[in-house]
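# Reading the structure
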Amino acid sequence: MVYKCYIIAQSLSQKEWLQFCKSAMESRYKSSPDFIRFIVVIENAYPKFLIKDEEILQEVYQGTDHNPSRLRVLRTYLKHLIEDFIINQELKKDDFYRRRILIEGLKNRNCIE
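Structure report, in brief. (Residues numbered from 1 in each chain as written. Predicted model: local features only at pLDDT ≥ 70, side-chain atom pairs only at ≥ 80, totals over all residues. Heavy atoms only, no water.)

Turning to unusual backbone geometry, a few remarks are in order. A negative phi angle characterises most non-glycine residues, just as the trans form characterises most peptide bonds. Residues Tyr46 and Pro47 are joined by a peptide bond in cis, for which omega reads 5°. Following the sequence through the fold, Pro47 ends up in the loop between helix 3 (33–43) and helix 4 (53–61). Even without being glycine, Phe49 reaches a positive phi, approximately 55°. Mapped onto the secondary structure, Phe49 falls in the loop between helix 3 and helix 4. For Asn110, which is not glycine, the phi dihedral falls at a positive 55°. Inspection of the secondary structure assignment puts Asn110 in the segment after helix 6 (95–108). (Helix = DSSP H or I, 4+ residues; strand = E, 2+ residues; numbered from the N terminus.)

One finds Tyr6, Trp17, Phe20, Phe38, Ile56 and Leu78 to be the most contacted residues of the largest nonpolar core, which totals 30 residues. For this core, the secondary structure elements donating two or more residues are helix 1 (4–10), helix 2 (14–26), helix 3, helix 4 and helix 5 (68–93). Sorting elements by how many residues they give to this core places helix 3 first, with 6 residues. Excluding residues that lie within four positions of it along the chain, Ile56 makes contacts with Tyr6, Phe38, Val41, Ile42, Ile51, Leu71 and Arg75. (Core = buried A, V, L, I, M, F, W, Y, C linked by side-chain atoms within 4.5 Å. Buried < 20%, exposed > 50% of the residue type's maximum accessible area, 1.4 Å probe, protein only. Contact = heavy atoms within 4.5 Å.)

This paragraph deals with the side chain of Asp34. Residue placement: Asp34 occurs in helix 3. Sequence-distant contacts of Asp34, that is, excluding residues within four places in its chain, are made with Val60, Tyr61, Arg70 and Leu74.

Here it is, written out as structure tokens:
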């Protein structure tokens, strides 16, 4: 089965994938230890992600509960983080749009009129 998170991840260049993994690993305070282990397991599976669910579960949960629903949660979180990464990459390319969004955000927070 091909998961949407992997399809989106495949759209990243190798450089972007490595940047994404690095940023996901550096944000350990925001991420669960399970998600960090998940990233470590799938990092080298890029770009094809030919890794079995059982292998991922075994590595991430190290012999404990291998409930497939836990893997769905990790994949959903991965998808959302990759989407955020892509948004940030695109914003870096367009300074005008980035500033426009910033101004709107500041207005919404009553920081400027």
